[in-house]
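# Residue-level structure breakdown
If you want the building blocks of each chain, they are given just below.
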Amino acid sequence: MKKDIHPEYRDVVFYDTSSEYKFMTKSTMTTGETIKWEDGNEYPLIKVEVSSASHPFYTGKKLFVDTAGRVEKFNRKYRKK
């Protein structure tokens, strides 16, 4: 392998903002935020909108997440005149 071309692969905490669920895994993603984990160490924090804790397929619940306003944009564009 070539040196100094690969991203850093490290422990990262992912935080599902819709369900308040946190889990730690390894990733190459970068962020400026950190969080103190259960073991007392600081880890980078990546915020996500959907994870297995909030996705309807895994939970069996119908959860509507529209943070970008896509539904309103669609309704304005295609509403009956």
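Details of the structure are given in the entry above.
For the structure given in this document, a descriptive report is provided here.

About the cut-offs
Residues numbered from 1 in each chain as written. Predicted model: local features only at pLDDT ≥ 70, side-chain atom pairs only at ≥ 80, totals over all residues. Heavy atoms only, no water. Helix = DSSP H or I, 4+ residues; strand = E, 2+ residues; numbered from the N terminus. Contact = heavy atoms within 4.5 Å. Polar contact = N/O pair within 3.5 Å; in protein donor to acceptor, adjacent residues only side chain to side chain. Patch = residues over 30% accessible without salt bridge, like charges linked within 9 Å, V, L, I, M, F, W, Y side chains within 5 Å. Areas by Shrake-Rupley, 256 points an atom, 1.4 Å probe, with all protein chains shown as cover. Salt bridge = Lys/Arg side-chain N within 4 Å of Asp/Glu carboxyl O. Lys, Arg positive; Asp, Glu negative; His and termini not counted. Charge placed at Lys NZ, Arg CZ, Asp CG, Glu CD. Phe/Tyr/Trp six-rings, centres within 6.5 Å; stacked < 30°, edge-to-face > 60°. Buried < 20%, exposed > 50% of the residue type's maximum accessible area, 1.4 Å probe, protein only. Pairing = 2+ DSSP bridges. Axes fitted to C-alpha atoms, helices over the stretch in contact; angles between N-to-C directions.

Structurally, the position occupied by Arg-10 is in strand β1 (residues 10-16). Separated by 16 residues in the primary sequence, Arg-10 and Lys-26 place their C-alpha atoms 5.2 Å from one another. Once residues lying within four places of it in the same chain are set aside, the contact partners of Arg-10 are Thr-25, Lys-26, Ser-27, Met-29, Thr-30, Thr-31 and Pro-44. Here Met-29 takes part through its backbone oxygen, which lies 3.0 Å from a polar atom of the side chain of Arg-10.

Moving on, we come to a positive patch on the surface. Taken together, the side chains of Lys-73, Arg-76, Lys-77 and Arg-79 present a region of like positive charge at the surface. Mapped onto the fold, Arg-76 is located in helix α2 (residues 70-78).

With that settled, the discussion passes to the packing of aromatic side chains. A ring pair, where both rings are aromatic, is described by two values, the distance of the centres and the angle of the planes. Applying the stated criterion across every chain yields a total of two aromatic pairs. Ring plane angle 15° and centroid distance 5.5 Å describe the contact between Phe-14 and Phe-23, whose orientation is recorded as stacked. Phe-14 sits in the buried class, given a relative accessible area of 12%. Take Phe-23: its relative accessible area is 29%, and that puts it in the partly exposed class. Pairwise contacts between aromatic rings join Phe-14, Tyr-21 and Phe-23 into one cluster.

This part is about the sheet that holds strand β2 (residues 21-27). In sheet architecture, strand pairing relies on hydrogen bonds along the backbone and comes in two forms, parallel and antiparallel. Ordered by their spatial adjacency, four strands build an open sheet running β2-β1-β4-β3, and the pairing between neighbours is mixed. One side of each edge strand has no neighbouring strand; the edge strands of this open sheet are β2 and β3 (34-36). Here the average twist between neighbouring strands, direction ignored, is 45°. Bridge count for β3 against strand β4 (residues 42-48) is three bridges, and the pairing is antiparallel. Paired with Ile-35 across the strands is Tyr-43, a residue of β4.

With that settled, consider the pattern of salt bridges. Pairs can form between side chains of opposite charge once their charged atoms are near each other. Summed over all chains, the structure comprises two salt bridges. Among the salt bridges present, the one from Asp-11 reaches Lys-26, with a minimum N-O distance of 3.3 Å. Of the two residues, Asp-11 is situated in strand β1 and Lys-26 in strand β2; the sequence distance between them amounts to 15 residues. Of the residues examined, Asp-11 reaches a relative accessible area of 27% and is grouped as partly exposed. Close ionic contact of Glu-33 with Lys-47 constitutes a salt bridge, the shortest N to O distance being 3.4 Å. Placement of Glu-33 in the loop between β2 and β3 and of Lys-47 in strand β4 is noted, with a sequence separation of 14 residues between them. In this structure Glu-33 comes out as partly exposed when scored by relative accessible area, which is 37%.

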